[in-house]
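Architecture and fold: a report
The primary structure of each chain is shown beneath.
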Amino acid sequence: MIPQRWVNNLIGVFLLVPAWILTKAFFLSFSHPTTRHSFWATEEFWFFGLGAVMWVLMFFGCVWVFGEPRFLRLYVFGHELTHAVWAWAMGGRIRGFKVTRRGGYVVTDKSNFLIALAPYFYPLYSLAVLVGYGLASVFYDLSGFTPVLFAMLGVTWAFHFSFTLWMIPKGQSDLAAHGNFFSLVIIYLANLVLLSLLLIFAAPEITFRGFGRELIGYAEELLAPVWPHIAELFGRRG
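Residues numbered from 1 in each chain as written. Predicted model: local features only at pLDDT ≥ 70, side-chain atom pairs only at ≥ 80, totals over all residues. Heavy atoms only, no water.

Let us look at the layout of surface pockets. Space inside the second largest pocket adds up to approximately 540 Å³. Surrounding the second largest pocket, 29 residues form its lining, His79, Glu80, His83, Ser173 and Asp174 being those nearest its centre. Among the secondary structure elements, those contributing two or more residues to the lining of the second largest pocket are α4 (72-89), β2 (103-108), α5 (113-117), α7 (146-167) and α8 (173-176). Sorting elements by how many residues they give to the lining of the second largest pocket places α4 first, with six residues. Each residue belonging to the lining of the second largest pocket can be placed in one class, and the counts come to 11 nonpolar, 11 polar and seven charged. (1 Å grid on protein atoms, 1.4 Å probe; cavity = no way out; pocket = protein on both sides within 12 Å on 5 of 7 lines; lining within 4 Å. Points joined across faces, edges and corners; volume = space filled by probe spheres on them. Helix = DSSP H or I, 4+ residues; strand = E, 2+ residues; numbered from the N terminus. Nonpolar A, V, L, I, M, F, W, Y, C, P; charged D, E, K, R; others polar.)

Structure below.
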């Protein structure tokens, strides 16, 4: 039988195509003059960026001074909790959960590549901030605290992104279990989807319909040279 990792790596190769299309759509949409000027001038963007920059400076400052980042236990807790949340959401049962400063684990009767890779693309603490803000806004008027919300989102998203980049080169078993190449493509693609959604929500000039049209246009442009050969191949088989 063909090893599952080989199959996963082959799937990863094919996923490079949508990853490239989405990358091009994301950066070109963000670089449009109307989007660039209006989006970068918003208060939300500046507070989000301020929170992200503050965390990144602290993260790399701690690495430089102490040789490793701070809040490792908090990251490990969020990492293992994300495994547990995704396993539970997919019908699994959690039979064990342990967190230490150097690592942790979750024991569950459900396992797949999404559960294994979820901590690398699922910003748990950013979502917790959004949920907390939403619940609090039901009882209190928080309209004046929007800058604080975006600053906290900047900190938590940078927390997720920086630790993801820090941990991936350290030989994570989550990635190796399903093939490193396949896992890295999935992580990149999932994070890019998340960033694209944030861009669409944050930039009023970009809509889901417009972004979708750009994706289709770039896909047609990329596949144009090979599409006649694909059609001919399937035509012969038919």
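Here Arg102 shows up in the loop between β1 (94-100) and β2. Once the C-alpha coordinates of Arg102 and Val76 are considered, the two residues, 26 residues apart in sequence, prove to be 7.9 Å apart.

Summed over all chains, the structure comprises one cavity of 30 Å³ or more. Around the largest cavity sit Tyr75, Gly78, His79, Thr82, Pro119, Tyr122, Pro123, Leu124, Tyr125, Thr156, Phe159 and His160, which together line it. For the lining of the largest cavity, the element with the highest residue contribution is α4, accounting for four residues. Broken down by class, the residue content of the lining of the largest cavity amounts to seven nonpolar, five polar and no charged.

Read these as geometric descriptors, not functional statements.
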